[in-house]
Amino acid sequence: GPWWRGEIADFRVRQRPLGKLAWQVQPASLWQGTPTTAFQLGGAGIDLNGLLLHRDHEPTLSEVRGQIDARWLQPAVGIPLLSFTGQVKVDLREFRRGRDGLPQTLDLRLVWVDAGVTGLAAARLGTITFTATGADGRFAGQVQSAAGDPLAVDGGFQLAERRYRAEVRLHPRDPADPVAQALR
């Protein structure tokens, strides 16, 4: 399609297929000096839509909402013997990357619904919520489980430029639950 409206049937990032990407430039945004493109990304366990803005010559993702399969979390956690199950609801209010590649602005909420693991161990984890906010290279976040879930998760992190501090506590609410084996 034309540059202002089109789609890529097989959109890939670093050779990894993400599904179909469709976009449409919002014409009024061109006159306002903040070119804005609405996009939809779907397929390969991803269903997201949002806005890409160009503010002060820096790309900014805004109002990105939808859900992804939990298996997309695996590279971030890095436990190769476990596979994640469930869906992650995404609410990315704003993300702007700085010139150095590090986040400059972030306002994010992820809710992992029907969280679970399979593989070396199989367990149902419940619902886990992750939030992160910050600006100017300084961020703070929290991760926690819902009350009454099989796995109690509580913790947080701070990130300042290239230094971070994180502490997350995981423990089964019932030692006989399969989640106790998964934690080992």
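A brief structural summary. Owing to the predicted nature of the structure, the values given are computational and were not obtained by experimental measurement. All residue numbers refer to position in the chain's written sequence, counted from 1. With the structure being a predicted model, the display of local features is reserved for residues of pLDDT at least 70 and the display and counting of side-chain atom pairs for 80 or more, all residues being used for whole-chain, interface and lining totals. The side-chain numbers reported here are obtained from all heavy atoms of the structure, hydrogens and water having been left aside.

**Quick word on the packing of aromatic side chains**
Aromatic pairs are defined between Phe, Tyr and Trp rings, using the six-membered ring for Trp, whenever the two ring centres lie within 6.5 Å; interplanar angles under 30 degrees are classed as stacked, those over 60 as edge-to-face, and all others as tilted. With the rule as written, the count across this model stands at two aromatic pairs. Each ring, one from F84 and one from W112, has its centre 5.1 Å from the other, and the planes form 55°; the classification is tilted. You can see F84 sitting in strand β6 (residues 82-97) and its partner W112 sitting in strand β7 (residues 103-119), a full 28 residues away along the chain. Summarising the burial analysis for this pair, F84 and W112 share the class buried. Consider the rings of F130 and F157, whose centres lie 5.9 Å apart with planes at 5°: the pair is stacked. Here F130 is found in strand β8 (residues 123-135), whereas its partner F157 is found in strand β10 (residues 151-160), with 27 residues between them in sequence. Overall, F130 belongs to the partly exposed group, its relative accessible area being 26%. A helix here means a DSSP run of H or I that spans at least four residues, while a strand means a run of E at least two residues long, and both kinds are numbered starting from the N terminus. Summary of the burial criterion: residues with accessible area below 20% of their type's maximum are buried, those above 50% are exposed, and those between are partly exposed, where the area comes from a 1.4 Å probe applied to protein chains only.

**Let's talk about unusual backbone geometry**
Of note, the phi angle at R14 is positive, near 50°, even though the residue is not glycine. Checked against the element boundaries, R14 lands in the loop between β1 (5-13) and β2 (16-25). We classify R14 as exposed; its relative accessible area is 81%. Its identity is not glycine, yet D114 carries a phi of approximately 55°, on the positive side. Mapped onto the elements, D114 comes out in strand β7.

**Here's the deal with a nonpolar patch on the surface**
A patch consists of residues exposed above 30% relative accessible area that lack any salt bridge, with like charges linked at up to 9 Å and nonpolar side chains (Val, Leu, Ile, Met, Phe, Trp, Tyr) linked at up to 5 Å. To measure how exposed things are, a 1.4 Å probe is used in the Shrake-Rupley method; for residues, cover is taken only from the protein chains shown. A pair is scored as a salt bridge if a Lys or Arg side-chain nitrogen falls within 4 Å of a carboxyl oxygen belonging to Asp or Glu. Side chains of W3, W4, L30 and W31 sit close together on the surface and give an oily, nonpolar patch of about 590 Å² of accessible area. Mapped onto the fold, W4 is located in the segment before β1.

**A closer look at the pattern of salt bridges**
Tallied over the entire structure, the rule returns eight salt bridges. Here D91 makes a salt bridge to R93, at a shortest N to O gap of 3.2 Å. Between D107 and R93 there is a salt bridge, with its nearest N and O atoms 3.3 Å apart. Here R93 lies in strand β6 and D107 lies in strand β7, a separation of 14 residues in the sequence. Since its relative accessible area comes to 25%, D107 is described here as partly exposed. For R93, a relative accessible area of 38% gives the class partly exposed.

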